[in-house]
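Each chain, written out:
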Amino acid sequence: MSQIAFEPWNDPNAKPLIQFKNVTKRFGEFVAIDNQSFDIYEKEFFALLGPSGCGKTTMMRMLAGFEAPTEGTILLGGQDIAPFPPNKRAVNMMFQSYALFPHLSVWDNIAFGLKRDGKSKDQIAARVEEMLKLTRLEQFARRKPHQISGGQRQRVALARSLAKAPKLLLLDEPLGALDAKLRQATQFELMDIQEKTGTTFVIVTHDQEEAMTVASRVAVMDNGKIIQADTPQVIYEAPASRYVADFIGDVNLIDGVAEARKGAQETAPAEPEAAKQAEPEAAKLSEHEAPAAASERRVPQPNARGKWLHDKLFRYILGAREDAPKQLPPPTPGESEAAATASRPDVIAPGGITIHWAEGQPPLIVSNGDPALAGQRVTLALRPEKLGISKDRPESANALKGKVIDIAYLGNLSTYHVELANGLMVKAQLANTRRVAQRDITWEDEVWISFRETAGVVLSE
Amino acid sequence: MRRATLILLPYLWLLALFLVPFVIVLKISLSDIALAIPPYTPTLDFSAGWQGIRNFFAGLDFENFVFLTTDDLYWKAYLSSLKIASIATFCTLLVGYPIAYGMANAPDHWRPTLMMLVILPFWTSFLIRVYSWMGILSTEGYLNQLLLGMGLISEPLTILNTPVAVYIGIVYTYLPFMILPIYSALERMDGSLLEAAEDLGCSRVKAFWLITVPLSKTGIIAGCFLVFIPTIGEFVIPSLLGGSQTLMIGKVLWEEFFNNRDWPVASAVAVVLLLILIIPIVLFQRNEQKQREAEG
């Protein structure tokens with residue numbers, strides 16, 4: 001791994017570009033932003049995500065200067081920006097409606113901000129050409145905004161807001177007006193441009209998929225508060241609250257009471273099939289290693305004639321031959337551990353908690369739950385794609401019986417709605433690797449829902 | 001067949017209401033004055049047959065148009081009308097634009113009321129409204145009494161029967177025609193455009209000149225033509241408020257027609273006026289068309 005991970009928020013020495021310090025914004029009685037403090041770092045792609053009316057647009061408009069905080073301060077590069085009107089801030093904004101000037105050509109739209117800076121004609125022309133090239137709009141320079149397509153308009157708006165090389169670019173639902181296909185392509189284009197220009201981007205969106213795709217960090221907002229701000233991976237895999245888990249993607253939420261697990265080697269609830277899970281771990285390990293070693297031996301080797309040909313002829317052209325078989329680099333300790341447990345679903349990781357979620361049902365084993373939660377009411381958040389579904393009882397830490405109520409066919413995926421014994425509905429997602437006709441699970445089938453002890457996240461609120 | 005009839009209908013309408021009267025006026029302008037009923041000659045006499053029609057056409061000439069060039073009253077009246085109409089249009093724009101701007105930026109629930117207030121004067125007779133201005137502007141009028149009472153002036157101002165009174169009358173009368181097109185252009189404007197301009201480094205004033213004014217251009221042009229075109233031929237306002245000093249072609253036309261009973265010369269004046277107005281009318285229609293294209 002040559003590339004150093006971009007995580008300035010974990011670096012105590014990194015200086016934030018933007019600091020919100022106890023910022024509150026009220027419109028009359030309505031509290032739009034409720035005492036928020038957070039930092040955004042240079043070169044970040046920061047997403048403000050939330051339902052409409054959660055305060056994300058207000059947050060952005062305060063950065064642009066169209067709204068002033070009622071209380072608290074916003075610092076840009078260490079300086080309080082409150083005294084600066086929008087036209088004096090090194091911040092530019094891309095508007096949701098694009099706000100292109102209809103009476104000006106694409107070229108003049110992009111040049112608009114540069115002209116206000118009183119730059120020379122040559123400087124302006126050079127910069128506009130650069131922006132046109134960056135956004136691939138060269139051949140539309142002379143057109144008026146109403147003569148180009150929606151996607152092109154979006155790129156003009158982006159070029160115009162980037163032309164002044166702002167320290168911070170604000171994007172207000174920049175892709176809302178594009179159709180799904182174009183939106184996806186544009187998301188990658190945005191990331192590409194952000195990387196090329198090295199500008200800090202703050203994007204406001206209600207589309208969680210968009211936020212996850214483009215952003216280095218996502219701040220999930222609700223009722224004027226940031227509930228959680230972290231990388232898309234953490235937000236998705238380890239949501240801090242029920243709200244975040246529910247807002248980002250699909251999730252199954254199972255409520256229950258936690259209990260600390262006793263032994264390290266506890267097995268799944270006693271059922272005949274689960275008995276062999278208790279086998280010694282050492283035996284399992286060697287069994288697992290053996291096929292790997294065999295596959296290494298099966299690497300193709302040249303025969304005698306090939307060796308001769310190489311030594312006599314090709315050696316001079318291609319250089320010495322490596323006899324050692326090619327291998328992947330050794331996995332890092334964390335990876336190998338994960339791989340080892342992943343390949344052995346029947347060995348359950350030690351520690352954690354069990355969750356008693358329904359009368360007469362086996363408790364759920366959650367090895368990554370905090371034993372300190374014992375006795376409390378908790379919620380287990382499970383992503384549908386982390387649930388397995390099968391007709392026979394699988395060898396898994398957690399297996400729950402249920403009945404298929406509904407199947408949503410999405411093309412690449414199918415989502416199965418399964419009703420568990422106590423009436424709880426869960427969603428399980430399966431990749432459609434086989435054709436429809438070959439799949440054996442259908443409506444009204446009795447199935448087993450299974451998931452690993454590390455699959456879920458325990459939420460205590 | 002039915003489609004042809006449908007298309008024909010507006011043409012018949014135009015023919016009956018515009019072209020036929022115009023041809024009659026044009027014919028009178030080519031005739032000579034006569035002490036008769038109607039007061040011109042020749043008249044078309046079908047009873048005399050073919051000879052009558054030949055005599056009729058032989059009697060027509062351009063004498064009246066030549067006459068218009070010999071007396072400097074006429075071209076002075078035309079020029080004066082153009083000048084008064086231009087200045088009055090400009091004044092109306094200066095007064096109307098801020099009103100339209102204020103209406104477009106007013107809270108949504110206020111707009112219908114404001115619109116109503118602009119249109120309200122049309123519900124009263126135009127003549128009565130102009131007469132009431134005489135009461136306001138005269139030497140003993142309300143305006144002078146107010147200014148004297150406040151101690152701003154010591155001698156009453158002479159406004160009535162001067163060109164200033166004509167300008168006041170025209171601006172007052174035609175203001176709604178200026179406000180409505182500008183308001184409709186401003187109301188359509190996306191507010192985020194001004195925020196974008198500010199975001200890109202404009203001050204508020206600069207954003208107004210660079211964004212708001214160009215985007216309301218079609219409204220300004222439409223409003224100016226709607227005021228300018230009827231003002232040139234305006235007759236009531238200059239005769240009621242302008243006194244004898246104000247020379248306008250509409251007044252000249254009236255005097256030729258009713259005081260001199262010289263229908264042929266009056267018709268010639270009207271035909272020339274129409275020719276002068278054709279230019280701004282064509283420009284106006286081109287502006288409307290451009291606007292439609294920009295929107296479509």
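No experiment lies behind these values; they were computed from the predicted model shown. (Residues numbered from 1 in each chain as written. Chains lettered and ligands numbered in written order. Predicted model: local features only at pLDDT ≥ 70, side-chain atom pairs only at ≥ 80, totals over all residues.)

A. Representation of the sheet that holds strand E3 (residues 45-49) of chain A in the model. Residues and elements named next belong to chain A. The strand order across the open sheet formed by six strands is E6-E7-E8-E3-E9-E10, and the pairing between neighbours is mixed. Each of the sheet's edge strands pairs with one partner strand only, and the pair in question is strand E6 (91-94) and strand E10 (225-230). Across the sheet, the mean angle separating the axes of adjacent strands is 20 degrees when strand polarity is ignored. Relative to the sheet, helix H4 (residues 150-162) contacts E6 and strand E7 (168-172), its axis offset from that of E6 by approximately 175 degrees. (Pairing = 2+ DSSP bridges. Helix = DSSP H or I, 4+ residues; strand = E, 2+ residues; numbered from the N terminus. Axes fitted to C-alpha atoms, helices over the stretch in contact; angles between N-to-C directions. Contact = placed C-beta atoms within 7 Å.)

B. Geometry of unusual backbone geometry. Here the residue pair Thr41(B) and Pro42(B) is connected by a cis peptide bond, since its omega of 0 degrees sits within 30 degrees of zero. Within the secondary structure, Pro42(B) is located in the loop between strand E2 (40-41) and helix H2 (49-58). You will see that Asn35(A), though not glycine, has its phi angle at about 45 degrees, which is positive. Position of Asn35(A) among the secondary structure elements: in strand E2 (residues 30-41). Positive phi is not limited to glycine here, since Arg136(A) has a value of about 55 degrees. Tracing the chain through its elements places Arg136(A) in the loop between helix H3 (121-134) and H4. You can call Arg136(A) exposed: it has 12 C-beta atoms within 10 Å. (Buried ≥ 20, exposed ≤ 12 C-beta atoms within 10 Å, placed from the backbone.)

C. Representation of the sheet that holds strand E20 (residues 457-459) of chain A. All names here are of chain A. If you trace the five strands from one edge of the open sheet to the other, you get E13-E12-E11-E14-E20, paired in antiparallel fashion. Edge positions in the open sheet fall to strand E13 (364-366) and E20, since each of these has one partner strand only. Ignoring which end each strand starts from, the neighbouring axes of this sheet average 45 degrees apart. Two strands pair when backbone bridges link them, and strand E11 (residues 252-260) and strand E12 (residues 353-356) are joined in this way by four bridges, in the antiparallel orientation. In the sheet register, Val257 faces E12, and the bridge partner there is His356.

D. Quick look at the packing of helix H8 (residues 163-188) of chain B against helix H11 (residues 217-232) of chain B. All names here are of chain B. Here H8 crosses H11 at 160 degrees, and the two axes come no closer than 7 Å. Accordingly, the angle class assigned to the pair H8 and H11 is roughly antiparallel. When you trace H8 past H11, the crossing you get is right-handed. Touching Ile170, Tyr174, Phe177, Met178, Pro181, Ile182, Ser184, Ala185 and Leu186 of H8 are Thr218, Gly219, Ile220, Ala222, Gly223, Leu226, Val227 and Thr231, all from H11. For the contact of H8 with H11, the per-class residue count stands at twelve nonpolar, five polar and no charged. (Parallel < 35°, antiparallel > 145°, perpendicular 65-115°, else oblique. Left-handed = near helix turned anticlockwise from the far one by under 90°. Nonpolar A, V, L, I, M, F, W, Y, C, P; charged D, E, K, R; others polar.)

E. Just helix H5 (residues 180-197) of chain A, in detail. Residues and elements named next belong to chain A. In a regular helix each residue adds 1.5 Å, so 18 residues correspond to 26 Å; H5 covers 26 Å between its end C-alpha atoms and thus fits that length. Next to the buried residues of H5 lie E3, H4, strand E8 (200-205) and helix H6 (208-214). A positive phi of about 65 degrees marks Gly198, the residue just after H5. (Expected span 1.5 Å × (residues − 1).)

F. Structural view of the packing of helix H2 (residues 106-116) of chain A against H3(A). All names here are of chain A. As a packed pair, H2 and H3 sit with axes 9 Å apart at the nearest point and diverge in direction by 130 degrees. One finds that H2 runs oblique with respect to H3. Crossing hand, H2 versus H3: right-handed. Seen from H2, the contacting residues are Trp107, Ile110, Ala111, Leu114 and Lys115; seen from H3, they are Ile124, Arg127, Val128, Met131 and Leu132. Grouping the constituent residues of the contact of H2 with H3 by class yields eight nonpolar, no polar and two charged.

G. A look at the confidence of the model for chain A. Taken over all residues, the pLDDT of chain A has a mean of 83, while the share at 70 or more is 84%. Ranking the elements of chain A by mean pLDDT puts helix H9 (residues 281-297) of chain A last, at 44, and H2(A) first, at 95. (pLDDT = per-residue confidence, 0-100.)

H. View of the pairing of strand E1 (residues 16-27) of chain A. All names here are of chain A. Examined bridge by bridge, E1 and E2 share eight bridges and lie antiparallel to one another. Paired with Pro16 across the strands is Tyr41, a residue of E2. Hairpin connection from E1 to E2: two residues lie between these consecutive antiparallel strands, with Gly28 at a positive phi of about 60 degrees. Judged from the five bridges that link them, E1 and strand E4 (residues 71-76) form a sheet pairing that is antiparallel. Note that in E4 the partner of Phe20 across the bridge is Ile74.

I. Layout of the domain arrangement of chain A. Residue and element names in this part refer to chain A. Under the domain assignment, chain A is made up of domain 1 (8-251) and domain 2 (260-268 + 345-459). Placing the centre of domain 1 and that of domain 2 at their C-alpha centroids yields a distance of 39 Å. Taken together, the contact between domain 1 and domain 2 spans eight residues of the former and eight residues of the latter. (Domains from an automatic or database assignment.)

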